[in-house]
Amino acid sequence: MPRTRHPEGGEKGPLPGVGSTEGSEKCARALTSAGPSNQSSDSSNGRNGKSNNHQRSSSQEEKTSQKPSEAKEIKLYAQIPPIEKMDASLSTLANCEKLSLSTNCIEKIANLDGLKNLRILSLGRNNIKNLNGLEAVGDTLEELWISYNFIEKLKGIHVMKKLKILYMSNNLVKDWAEFVKLAELPCLEDLVFVGNPLEEKHSADGNWIEEATKRVPKLKKLDGTPVIKEDEEEDN
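All of these numbers come straight from a predicted model, not from anything done at the bench.

Undergrad: How should the pattern of salt bridges be read in this particular structure?
TA: A pair can form between side chains of opposite charge whenever their charged atoms are brought close. For the structure on display, the rule yields ten salt bridges. Two residues, Arg 119 and Glu 97, come together in a salt bridge whose shortest N-O distance is 3.6 Å. Here the residue Arg 119 occupies a position in the loop between strand 2 (98–100) and strand 3 (120–122), and Glu 97 occupies one in the loop between strand 1 (73–75) and strand 2, the gap between them amounting to 22 residues. Here Arg 119 falls in the partly exposed class, since its relative accessible area comes to 31%.

Undergrad: Which parts of the structure should I look at to understand the packing of aromatic side chains?
TA: Each aromatic ring pair is summarised here by two numbers: the centre-to-centre distance and the angle between the ring planes. Enumeration over the complete set of coordinates arrives at six aromatic pairs. By the ring-pair criterion, three or more aromatic residues cluster together here, those being Trp 176, Phe 179, Phe 193 and Trp 208. Across from the ring centre of Tyr 148, 4.0 Å away, lies the NZ or CZ of Arg 125, which sits over that ring.

Undergrad: Teacher, can you tell me more about the nonpolar core here?
TA: Counting residues in each nonpolar core, the largest one holds 47 residues, and the members touching the most others are Leu 99, Ile 146, Leu 166, Phe 179 and Leu 182. Contributions of two or more residues to this core are made by helix 4 (176–179) and helix 6 (208–215). Those residues in contact with Leu 166, other than ones at most four positions away along the chain, are Leu 144, Ile 146, Ile 157, Leu 182, Leu 188, Asp 190, Leu 191 and Val 192. Among the nonpolar cores identified, the runner-up in size contains six residues, and Ile 120, Trp 145, Ile 165 and Val 194 belong to it.

Parameters and conventions
- Residues numbered from 1 in each chain as written.
- Predicted model: local features only at pLDDT ≥ 70, side-chain atom pairs only at ≥ 80, totals over all residues.
- Heavy atoms only, no water.
- Salt bridge = Lys/Arg side-chain N within 4 Å of Asp/Glu carboxyl O.
- Helix = DSSP H or I, 4+ residues; strand = E, 2+ residues; numbered from the N terminus.
- Buried < 20%, exposed > 50% of the residue type's maximum accessible area, 1.4 Å probe, protein only.
- Phe/Tyr/Trp six-rings, centres within 6.5 Å; stacked < 30°, edge-to-face > 60°.
- Lys NZ or Arg CZ within 6 Å of the ring centre and 35° of its normal.
- Core = buried A, V, L, I, M, F, W, Y, C linked by side-chain atoms within 4.5 Å.
- Contact = heavy atoms within 4.5 Å.

None of the figures reported here should be taken as evidence of function without further support.
What follows is the structure, encoded as structure tokens:
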């Protein structure tokens, strides 16, 4: 059963297919398979569940009269059929600042080398198991939305030198040894972590916020709630 507890600012809504779009992108529409002609042309891919980033971004050019290589925001989430791979065509999105690939079937983060201006990456509701591949945008990425995946280890997260916001609820992190790696992010201020086994255990024990903020002391917001420091409490 999917969790129904979602803090402010996280990737919200039920699991794919239940009838809601991701909260942060609720006003946007998919860029392809929007009409009968596109659905027909994708039918062969639909049979084996595969999709192609290049076809999707080309569809955006047709709809917006803007070349994908020039666009600041690329929306490729909730595609039908779903995207399975972040292929090499993504490297052409040189001007992209926000890339939305959530609610697909992506298993690996890849081919971000050409996105030299990327600030926001949305990968929630996929099948991602690790954070390999983020080093390509480590110098620019400020927000990573990666809730509802299968991430257990946070190896490699330290490369994101400018990351301020991390939404990674409903993953599989269960150990403090992994969680403390978040302290290596010098700019991290806003973290959503509900639905991970570690959070669930310590929330049940009543000490989640205390233990989490002790290990990542720079946080200003945890699971949608402002973090109150001890010195601030004394001042009040």
